[in-house]
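Chain by chain, the residues run as shown.
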Amino acid sequence: MNAPHDCLLRLYAERHELEDYQSGVPRWCSGCGDNAILAAVQRLCRDEGLRPEKTVFVSGIGCSSRFPHYMNTYGFHGIHGRALPIAEGIRLARPDLKVFVNTGDGDCCSIGAAHWIHAIRYNMNLTVFLHDNQIYGLTKMQASPTSPRGTKSNTTPRGSYLDALNPLTVTLGVQNVSFVAQAVDWVPELLYNVVSAAYRHKGFSFVRVIQRCPEWLPDYFDPWIKNPERLRVLHDEAGLRLSPTLAKVYTNNEAHDPSNIHRAREIASSTDPIPVGILYRNEEVPCYDDLLMPKHPHTAASVKAGLEAELDKFTIRP
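Remember, predicted model here, so these are calculated numbers, not experimental data.

A. Representation of the pairing of strand E9 (residues 274-281) in the model. Within E9, 8 of the 8 residues are buried, which leaves it mostly tucked inside the rest of the structure. Looking at chain direction, strand E5 (residues 179-184) and E9 are connected through 4 bridges and run antiparallel. Counted as the bridge partner of Gln182 is Gly277 from E9.

B. Highlighting unusual backbone geometry. Put simply, Asp272 and Pro273 share a cis peptide bond, and its omega is 10 degrees. Counting through the fold element by element, Pro273 comes out in the loop between helix H10 (261-268) and E9. Backbone geometry at Lys140 places phi at a positive 75 degrees, although glycine is not the residue there. Here Lys140 is to be found in the loop between strand E4 (126-132) and helix H6 (167-172). Residue class for Lys140 comes out partly exposed when judged on its relative accessible area of 46%. For Met141, which is not a glycine, the phi torsion comes out positive at approximately 75 degrees. Note on placement: Met141 falls in the loop between E4 and H6.

C. Structural detail: the packing of aromatic side chains. Here the structure, examined in full by the defined rule, presents 12 aromatic pairs. With a centroid separation of 5.7 Å and an interplanar angle of 35 degrees, the aromatic rings of Phe57 and Phe67 are classed as tilted. Of this pair, Phe57 sits in strand E1 (residues 55-59) while Phe67 sits in the loop between E1 and strand E2 (74-77); the two residues are 10 residues apart in sequence, bridging distant segments of the chain. Classification of Phe57 by relative accessible area gives buried; the value is 0%. Considering the side-chain rings of Trp116 and Phe206, the 6.0 Å spacing of their centres and the 25 degrees angle between planes classify their relative orientation as stacked. Of this pair, Trp116 sits in helix H5 (residues 113-122) while Phe206 sits in strand E6 (residues 204-210), placing them 90 residues apart in sequence. In this pair, the class of Trp116 matches that of Phe206, namely buried. Each member of the aromatic cluster is reached from another via a ring pair, and the members are Trp28, Phe57, Phe67, Tyr70, Phe100, Phe129 and Tyr199. Lying over the aromatic face of Tyr192, Arg43 brings its terminal NZ or CZ to 3.7 Å of the ring centre.

Parameters and conventions
- Residues numbered from 1 in each chain as written.
- Predicted model: local features only at pLDDT ≥ 70, side-chain atom pairs only at ≥ 80, totals over all residues.
- Heavy atoms only, no water.
- Buried < 20%, exposed > 50% of the residue type's maximum accessible area, 1.4 Å probe, protein only.
- Helix = DSSP H or I, 4+ residues; strand = E, 2+ residues; numbered from the N terminus.
- Pairing = 2+ DSSP bridges.
- Phe/Tyr/Trp six-rings, centres within 6.5 Å; stacked < 30°, edge-to-face > 60°.
- Lys NZ or Arg CZ within 6 Å of the ring centre and 35° of its normal.

Put into structure tokens, the structure is as follows:
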């Protein structure tokens, strides 16, 4: 057991400021929604007192996937569509870490779709942010799975023919779903509240953040930004609440019970007004990582012994 003064020193050292989580200067475009998400997440880390050495951010490929580079924590910038299985592996191997995932609409909903579906079903303790700007930005303006029908891009010059995939309804339709929420990048207070609620949930927390792309779809969300009535703010007594100031601006709000999955699916199907808040939450769904949790946690000595035992199998002895 640590001496009392050791505990005091450790607690003092674990107090972190916002700057302690910042790393480098983001290279996203001015006005890109990724900046707002980064600010909300860094604020969360500070407010929750997350230790940088016990926190990891995992991403795939895309504009949003530069996220780990701007967090002064551990990070893993993976390959296209593979952020979720990497994060699941980290969670199983190091259950002591706080694991976050940042993925885009192409990274998650196209090449990574199979991993996305099974990650929901496994319900591992991960906080997942889907940065959805409804276009492929890094590869210079191609239609993504969430691009609305009629979107003109380099791959759909006459406009996309298919209706957009709805990440909320897809997630809510998978067995073992436990937390689904939505936010928009242009309302920072709501964005932070949703991010905070997602982190506190035990299980697979899926947050879709509708965000602007000032480079390829610069004016697309202006009608929603200029008219607050086109946002439907969900609130509940035990979760998300509006501040008095915000309530005066966003008057189109609805008292919603996040345990009601049928109503959550109805709300998720709406695209105008855009629903923001916690759509669904179920604390009773078992977590796959808990089911597989070893009775005796891995220690540095046990990991070393395991590696040596495996390497000894290939030792050539004289």
